[in-house]
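Notes for the structure review
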Amino acid sequence: MPLTIGDTAPDFEAETSEGPIHFYDWLGDSWGVLFSHPKDFTPICTTELGYMAKIKPEFDLRNVKIIGLSVDSTGDHERWAADIAETQGTAPNYPLIADNDFKVAKLYGMLPADAGETSEGRTAANNATVRAVFVVGPDKKIKLQLIYPMTTGRNFDEVLRVLDSMQLTAAHKVATPVNWKQGDDVIIVPAVSDEEAKQKYPGGWKTLKPYLRIVPQPK
């Protein structure tokens with residue numbers, strides 16, 4: 001069965017550009033973003049890894065660890081990192097998993113079991129499905145899953161926006177409406193009664209429908 005939101009993120013051990021890791025131990029009590037790539041030295045992925053390095057401080061502020069994955073060896077990762085630094089202005093400053101045996105890609109359902117056991121001889125097109133983003137919570141549950149086509153660079157600002165929403169809604173009984181961003185009004189979830197809402201929001205709220213109650217974002 002493919003992984004979906006709410007499933008437990010599979011644990012694994014892997015070699016990375018920063019040495020061996022045990023995923024759960026590495027994640028600890030933090031949130032995590034695992035984003036994968038079908039091949040080293042590919043153009044769109046080069047821009048993605050560079051951008052993630054630039055905005056890593058934003059993830060740090062949110063207690064979110066980021067980790068990349070590409071289906072090549074650590075040696076290839078090192079050479080690719082030099083290209084990323086040269087062309088994007090920033091080298092990866094987070095671990096990059098060497099998944100040249102497809103262990104993690106298969107574990108997360110990004111490649112089928114019969115995809116083989118080595119990346120040698122395979123092209124990015126063969127591995128096109130390894131273009132995923134997984135957000136994992138401190139409880140090791142999958143909170144978000146995105147799959148992108150090879151020709152479309154991922155919007156990691158959107159991943160930050162969703163993280164802001166998820167962290168807010170994990171702390172308060174609210175949900176965020178369409179195109180929400182930090183500081184915008186939020187929605188009181190239907191599971192919260194009006195009586196409970198009066199205790200939580202003594203300043204009141206705006207009722208558009210009994211199920212649609214708008215309130216300023218909790219601090």
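A brief structural summary. Given the structure is predicted, the values throughout are model-derived calculations rather than measurements.

Of the strand pairs in this sheet, strand 9 (residues 186-188) and strand 11 (residues 212-215) are connected by three bridges, and their pairing is antiparallel. Paired with Ile 188 across the strands is Arg 213, a residue of strand 11. Where strand 10 (residues 206-209) lies against strand 11, three bridges are found, and the strand directions are antiparallel. The residue bridging Thr 207 from the neighbouring strand is Arg 213, located in strand 11. Where strand 10 folds back onto strand 11 in an antiparallel hairpin, the turn is made up of two residues.

In this section: the sheet that holds strand 11. Reading across the sheet, the four strands line up as 8-9-11-10 and stay open at both edges, with antiparallel pairing between neighbours. The open sheet has two free edges, formed respectively by strand 8 (174-175) and strand 10, since each of these has just one partner strand. In the sheet, strand 8 pairs with strand 9 via two bridges, with the strands oriented antiparallel. Note on strand 9: the bridge partner recorded for Ala 175 is Ile 187.

All right, on to the packing of aromatic side chains then. Summed over all chains, the structure comprises eight aromatic pairs. Relative to Phe 23, the ring of Phe 12 has its centre 4.8 Å away and its plane inclined at 10°; by these criteria the two rings are stacked. Of this pair, Phe 12 sits in the segment before strand 1 (13-14) while Phe 23 sits in helix 1 (residues 23-27), placing them eleven residues apart in sequence. Judged by relative accessible area, Phe 23 falls into the buried class, the value being 2%. Taken together, the ring pairs connect Phe 12, Phe 23, Tyr 24, Trp 26, Tyr 108 and Phe 134 into an aromatic cluster. Across the ring face of Trp 26, the terminal group of Lys 65 is positioned such that the distance to the ring centre comes to 5.5 Å.

Here Lys 39 lies in the loop between strand 3 (31-37) and helix 2 (43-54). Classification of Lys 39 by relative accessible area gives buried; the value is 17%.

Scoring rules and cut-offs
- Residues numbered from 1 in each chain as written.
- Predicted model: local features only at pLDDT ≥ 70, side-chain atom pairs only at ≥ 80, totals over all residues.
- Heavy atoms only, no water.
- Pairing = 2+ DSSP bridges.
- Helix = DSSP H or I, 4+ residues; strand = E, 2+ residues; numbered from the N terminus.
- Phe/Tyr/Trp six-rings, centres within 6.5 Å; stacked < 30°, edge-to-face > 60°.
- Buried < 20%, exposed > 50% of the residue type's maximum accessible area, 1.4 Å probe, protein only.
- Lys NZ or Arg CZ within 6 Å of the ring centre and 35° of its normal.

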